[in-house]
Amino acid sequence: MPSSSTSMGRVVFFEDRNFQGRSYESSSDCADMSSFLSRCQSCKVERGCFMVYDRTNYTGNQFFLKRGEYSDYQSMMGMSDCIKSCRMIPMHRGQHRMKIHEKENFGGQSHELTEDCDNVMERFCMSNCMSCQVMDGQWLMYEQPSFRGRMMYMKPGEYRSFSSMGMSSNRFMSMRRIMDSYY
């Protein structure tokens, strides 16, 4: 039986590169970091995993951070701006299940995943993945095969249209489970 734990993560954000300047520590979601720091250009993830966003309210480009040090994530991740919001990813132990669909609103071909998929086109002969249902676990979905390109964090729920979620591309070509080994 799947189980989720709300084991607390911990991340420390710094205004400048190389962990310099003022800092802000977080163990939860933060929709707008500007009330704590004027900018954020480096961070240390001490426990857990986080998604960081280059816009407030969990919008814009997303990047996955696991335990480690990120002394200059703008150059490491290709971010054009600094971190503006962050979301803690709860640890999940148990099965991961997702159903992907070729078209929006769960149309076209569909396939259920319980493992990572590095190329939807090769594995399922699907030219698009434009909607999904996440039943168990958390997932990262990527615009390009082999876990490359822009990514999006998916928690359990229904996602009828990726384009309506603010993605520049309305499809994903690879997906990876967020495993407890990242924590």
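Residues numbered from 1 in each chain as written. Predicted model: local features only at pLDDT ≥ 70, side-chain atom pairs only at ≥ 80, totals over all residues. Heavy atoms only, no water.

Stated precisely, the cut-off is as follows: UniProt positions are given in the numbering used here, feature names are shortened, and annotations may be inferred rather than shown by experiment.
As annotated in an unreviewed UniProt entry, the chain carries the name Beta/gamma crystallin 'Greek key' domain-containing protein and comes from Champsocephalus esox. Per its UniProt entry, the chain bears the Sequence similarities (unreviewed entry) comment "Belongs to the beta/gamma-crystallin family." In its Function (unreviewed entry) section, the UniProt record describing the chain reads: "Crystallins are the dominant structural components of the vertebrate eye lens."

## Here we look at the pattern of salt bridges
Counted only if it meets this: When a carboxyl oxygen of Asp or Glu lies within 4 Å of a side-chain nitrogen of Lys or Arg, that pair is called a salt bridge. Note on conventions: DSSP H or I runs of at least 4 residues are helices, E runs of at least 2 residues are strands, and numbering of each starts at the N terminus. A simple rule labels every residue: compare its accessible area, found with a 1.4 Å probe on the protein chains alone, to the largest value its type can have, and call it buried under 20%, exposed over 50%, or partly exposed in between.
Under the criterion given, the structure shown has ten salt bridges. Arg97 is the partner of Glu112 in a salt bridge, and the nearest nitrogen-oxygen pair spans 3.3 Å. Of the two residues, Glu112 sits in strand E11 (residues 107–113) while Arg97 sits in strand E10 (residues 97–103), which places them 15 residues apart along the sequence. With relative accessibility at 43%, the residue Glu112 sits in the partly exposed group. With a relative accessible area of 25%, Arg97 lands in the partly exposed category.

## Focus on the sheet that holds E10
Note the cut-off: Pairing between strands is defined by DSSP: at least two bridges between the two strands are required. Fitting a line to C-alpha atoms yields each axis, with helices limited to the stretch in contact; the angle taken between N-to-C directions then spans 0 to 180 degrees.
An order of E11-E10-E12-E15 is seen for the four strands of this open sheet, with the pairing classed as antiparallel. Every other strand in the sheet has two partners, leaving E11 and strand E15 (157–159) as the edge strands with one partner each. When the angles between neighbouring strand axes are averaged without regard to direction, this sheet yields 15 degrees. The pairing of E10 with E11 spans five bridges and is antiparallel. Bridge pairing in E11 places Lys99 opposite Glu112.

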